[in-house]
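An overview of the molecular structure
One-letter residues, chain by chain:
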Amino acid sequence: MNIDLRGKHALVCGSTQGIGRACAESLAELGASVTLMARNAEALATVQSSLGRPANQSHDSVVADFSDPESVRRAVTAKIASGAAYHILINNTGGPPGGRAIDANPDEFLAAFRAHLVCNQILAQALVPGMKAGNYGRIINIISTSVKAPIPGLGVSNTIRGAVASWAKTLANELGPLGITVNNVLPGYTDTDRLKSLIDKRADAGKTTSAAVAEDFRKTIPMGRFGTATEIANAVAFLASPAASYISGINLPVDGGRTPTL
C-alpha cells in the first residue's frame, strides 16, 4: 500500500495545536513538505521547528486569521505568487462557540460561515490549479460528526458543519474528472482544548463538575474513551495518500463508534 508523500506539498490550516498540528506532523512523517497556516506567528514558528529539517522536505508557515477571509486570501495569494504549489489542502479551524441554535445571534452564523465555508472556498480556488498541474490533488476538511447527527448545545456549529459537508460533496463531483479527491473527516469527542472547553461550559451550566460531564460523554462512546488528535490525523494522512486515490465525496467519522448512524 502506497502512503508515501515524498515530493508532495501540503497546506495545513489551524496547525498550531490539536488536530491541525497532529495532521501537520503525520503528513510530514510520510514525507510531505508542510506549510502551516494559523493566526499566531510565534506558535507557528514553534510547530515548524518541531517538524525538523529532513532531507527533501521544506516546511514553512504563513500567518492568516480565519475570522477575516481577506486575511486568508492575501496570505494564500502571496504564497502562490511566490511560486508555491500544493497537492494537499487540509481545511481546519476552531469551532464556533457552544449554545442552542435558537439562542444564537444571526451574526454568529455569519461569522462561522465566513471562518469555515468561505475560507475553505478561498483556499480551494487558490490551490486547485496547482493540484491540476501537478496531477495530484487531495482536499480534506476537518468537520464534525454533527453532519450525521446534530450535537445538542452546538447549534451554530451543527448548522455550519452541515453546510461545509454539502459544499465538499458538491466539490468532489466537480473535481472528480481532474483526479482531485475531496473528503471530510468527522472527529468525535477528541482530547483537545476545545473538548475541555465544551466540558467546562456544560459543567458550569449544569452546576456539576467537569469530571462528571467528561464521564457522561465517555459513556456515549462504545470504545469508552476520547480519541486522540493523532488518531484523527492518521485518518487524514491516509486520505491524503496515493492509497486513497479512489475515495472521494465521503464523510468519515473517527469517533470510537459513537455516531448512531451508518
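For the structure, see preceding data.
1. Topic: the layout of surface pockets
The calculated volume of the largest pocket comes to roughly 1100 Å³. As for the largest pocket, its lining consists of 44 residues, of which Thr 93, Gly 94, Gly 95, Arg 161 and Arg 194 are closest to the centre. For the lining of the largest pocket, the secondary-structure elements that each account for two or more residues are α1 (18-29), β2 (33-38), α4 (106-134), α5 (155-175) and α6 (193-206). Split by residue class, the lining of the largest pocket holds 19 nonpolar, 18 polar and seven charged. The calculated volume of the second largest pocket comes to roughly 200 Å³. Looking at the second largest pocket, it is lined by 13 residues, and the ones nearest its centre are Gly 99, Gly 153, Leu 198, Lys 201 and Arg 202. No other element matches α6, which puts four residues into the lining of the second largest pocket. Residues of the lining of the second largest pocket, tallied by class, amount to seven nonpolar, three polar and three charged.

2. Structural notes on the nonpolar core
By size, the foremost hydrophobic cluster in this structure holds 36 residues, and its most contacted members are Met 37, Leu 89, Leu 123 and Ile 139. Secondary structure elements with two or more residues in this core: β1 (9-13), α3 (69-81), α4, α5 and β6 (180-187). Excluding anything up to four places from it in sequence, Leu 123 contacts Leu 11, Cys 13, Met 37, Phe 66, Val 72, Val 76, Leu 89 and Asn 91.

3. Focus: empty space enclosed by the protein
In this structure the tally under the stated criterion is one cavity of 30 Å³ or more. In this structure, the largest cavity encloses a volume near 100 Å³. Every element with two or more residues in the lining of the largest cavity is listed here: α4, β5 (137-142) and α5. Top contributing element to the lining of the largest cavity by residue count: α4, with three residues.

4. Describing the pattern of salt bridges
If you walk through the whole model with that rule in mind, you get nine salt bridges. We note a salt bridge from Arg 6 to Asp 4, for which the minimum N-O separation is 2.6 Å. Given the relative accessible area of 27%, Asp 4 is considered partly exposed.

Basis of the calculations
- Residue positions within a chain follow its written sequence, with the count starting from 1.
- The model is predicted, so local features are restricted to residues of pLDDT at least 70 and side-chain atom pairs to those at 80 or more, both for listing and for counting; the totals for chains, interfaces and linings are taken over all residues.
- Working from all heavy atoms in the structure, the side-chain values ignore hydrogens and water.
- Residues are said to line a cavity or pocket when one of their atoms sits within 4 Å of a point; the points come from a 1 Å grid over protein atoms alone, cavities being sets where a 1.4 Å probe fits but cannot get out and pockets being open sets with protein on both sides within 12 Å along at least five of seven lines.
- Grid points are joined across faces, edges and corners, and a volume is the space filled by probe spheres set on the points.
- Secondary structure is summarised from DSSP: a helix means a run of H or I of at least four residues, a strand means a run of E of at least two, and numbering begins at the N terminus for each.
- Gly counts as polar in this scheme, as do all residues outside two lists: the nonpolar Ala, Val, Leu, Ile, Met, Phe, Trp, Tyr, Cys and Pro, and the charged Asp, Glu, Lys and Arg.
- Buried residues of nine kinds, namely Ala, Val, Leu, Ile, Met, Phe, Trp, Tyr and Cys, make up a nonpolar core once their side-chain atoms join them within 4.5 Å.
- Three exposure classes are used, based on accessible area relative to the maximum for each residue type with a 1.4 Å probe and protein chains only: buried under 20%, partly exposed in between, and exposed over 50%.
- Should any heavy atoms of two residues lie within 4.5 Å, those residues are counted as being in contact.
- The term salt bridge refers to a pairing of a side-chain nitrogen on Lys or Arg with a carboxyl oxygen on Asp or Glu at a separation within 4 Å.

All we've got here are geometric facts, nothing functional implied.
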